[in-house]
Amino acid sequence: MTDFINILDTKSREYGIKLSQEQLAAFDIYYNLLIEFNQKVNLTALTAPEDVAVKHIIDSLSCFDKDLFLDQTTVLDLGTGAGFPGMPLKIFYPNLKLTLVDSLKKRLNFLEEVISTLQKTNNLGDIAKGMNEITLVHSRAETLGKNKTYRESQDIVVSRAVAKLSVLSEYCLPLVKQNGCFVALKGANLEEELKEAEKAINILGGTVFKTQNIVLPDLPDKRFIVYIKKIKETPSQYPRREGIPEKKSL
């Protein structure tokens, strides 16, 4: 086993997740491609094996909820970057139907290579097959939210983007179907962000139904996951045009 696999195996067990040999092998391929492509394309500032294992992969898996992520659940990862949290969720649970969205084509080119490599790798079983059910979309959030193909189409929209929750909600909730869920992976200032985002979430048709405190192995910083249920249709004027949500949040 490589150093990365050993670290990921150990740290994921510490967190309470047991990864199979196939999952560990798939994550090892993902990690090696990430390091290789990162020399040409700025994908991540974190490249040490422990950092990628804990701060990217286990952090991504921390939002997995077995009551929400079911067979053939449609999951859209908005602002996926190097594939977090969408790709780790797909490797962990291959039966998801995943869409990865990013505004930078170079990042999607990297993800295309990861998907293609995992598809062609022997002995990955359902993980390799599951790579056939990933769609890559090159788009900004404001544009995608107005696209009839994607608007109110997803069971779950996930985002680990750095925008504050009021802005993220305007990007993500228009894409969630009624009774679906927007899952936001957030940092320490959750209470403040939730208070600030309450009006926006309500306008956009959502309601917060669960928050979860996350403690990652050997990391002192606080992290939270917010689960927002879509209870009514998002008004047609949202999301507003490019750049407006960040400049003037709801």
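Placed above this text is the structure.
**Student:** Looking at this structure, how should I read the side chain of Lys90?
**Tutor:** Along the chain, Lys90 turns up in helix α4 (residues 86–92). Glu133 provides the closest opposite charge to the buried, salt-bridge-free Lys90, at an N-O distance of 4.4 Å. Dropping the residues within four chain positions of it, Lys90 is found in contact with Leu96, Leu98, Gly130, Met131, Glu133 and Ile134.

**Student:** I would appreciate a short explanation of the sheet that holds strand β2 (residues 97–102) in the present structure.
**Tutor:** Hydrogen bonding along the main chain pairs the strands of a sheet, whether they run parallel or antiparallel. Spatial strand order, β3-β2-β1-β4-β5-β7-β6: seven strands in an open sheet with mixed pairing. The outermost strands of the open sheet, each flanked by one partner alone, are β3 (134–138) and β6 (206–214). Ignoring which end each strand starts from, the neighbouring axes of this sheet average 20° apart. Of the pairings in the sheet, the one linking strand β1 (residues 74–78) to β2 comprises five bridges and is parallel in character. Within β2, the position partnered with Asp77 by the bridge is Leu100.

**Student:** Which parts of the structure should I look at to understand the packing of helix α2 (residues 21–38) against helix α3 (residues 49–61)?
**Tutor:** Here α2 crosses α3 at 120°, and the two axes come no closer than 12 Å. As judged from the angle between their axes, α2 and α3 are oblique. When you trace α2 past α3, the crossing you get is right-handed. Contacts between α2 and α3 pair Phe27, Tyr31 and Leu34 from the former with Pro49, Val52, Ile57 and Leu61 from the latter. Here the contact of α2 with α3 is composed, by residue class, of seven nonpolar, no polar and no charged.

**Student:** Can you walk me through the packing of helix α8 (residues 165–172) against helix α9 (residues 190–203) in this structure?
**Tutor:** The relative placement of two packed helices comes down to the angle between their axes together with the axis-to-axis distance. Following both chains from N to C, one finds α8 and α9 inclined at 35°, their axes separated by 8 Å at the closest point. Between α8 and α9 lies a crossing of right-handed hand. Contacts from Leu165, Ser166 and Ser169 in α8 reach Glu193, Leu194, Glu196, Ala197, Ala200 and Ile201 in α9. In terms of residue class, the contact of α8 with α9 is built from five nonpolar, two polar and two charged.

**Student:** Would you take a moment to explain α3 for this structure?
**Tutor:** Since the α-helix packs 3.6 residues into each turn, any two residues three or four apart lie on the same face. Its 13 residues give α3 an end-to-end C-alpha distance of 17 Å, which sits within 8% of 18 Å, the value for a rise of 1.5 Å per residue. Among all positions in α3, only Val52, Ala53, Val54, His56, Ile57, Ile58, Asp59, Ser60 and Leu61 are buried. Looking at the packing, one finds that the buried side of α3 touches α1 (3–15), α2, α4, β5 (176–186) and β7 (223–230).

**Student:** How do you make sense of the packing of aromatic side chains when you look at a structure like this?
**Tutor:** The way to describe two aromatic rings as a pair is by their centre distance and the angle between their planes. Under the criterion given, the structure shown has eight aromatic pairs. Each ring, one from Phe64 and one from Phe92, has its centre 5.1 Å from the other, and the planes form 80°; the classification is edge-to-face. Residue Phe64 is found in the loop between α3 and β1, and its partner Phe92 is found in helix α4; the two are separated by 28 residues along the sequence. Positioned above the aromatic ring of Phe37 is the side chain of Lys40, whose terminal nitrogen or guanidinium carbon lies 4.4 Å from the ring centre. Above the ring of Tyr227, the side-chain terminus of Lys210 is found at 4.6 Å from the ring centroid.

Reading guide: rules and limits
Residues numbered from 1 in each chain as written. Predicted model: local features only at pLDDT ≥ 70, side-chain atom pairs only at ≥ 80, totals over all residues. Heavy atoms only, no water. Helix = DSSP H or I, 4+ residues; strand = E, 2+ residues; numbered from the N terminus. Buried < 20%, exposed > 50% of the residue type's maximum accessible area, 1.4 Å probe, protein only. Lys, Arg positive; Asp, Glu negative; His and termini not counted. Salt bridge = Lys/Arg side-chain N within 4 Å of Asp/Glu carboxyl O. Contact = heavy atoms within 4.5 Å. Pairing = 2+ DSSP bridges. Axes fitted to C-alpha atoms, helices over the stretch in contact; angles between N-to-C directions. Parallel < 35°, antiparallel > 145°, perpendicular 65-115°, else oblique. Left-handed = near helix turned anticlockwise from the far one by under 90°. Nonpolar A, V, L, I, M, F, W, Y, C, P; charged D, E, K, R; others polar. Expected span 1.5 Å × (residues − 1). Phe/Tyr/Trp six-rings, centres within 6.5 Å; stacked < 30°, edge-to-face > 60°. Lys NZ or Arg CZ within 6 Å of the ring centre and 35° of its normal.

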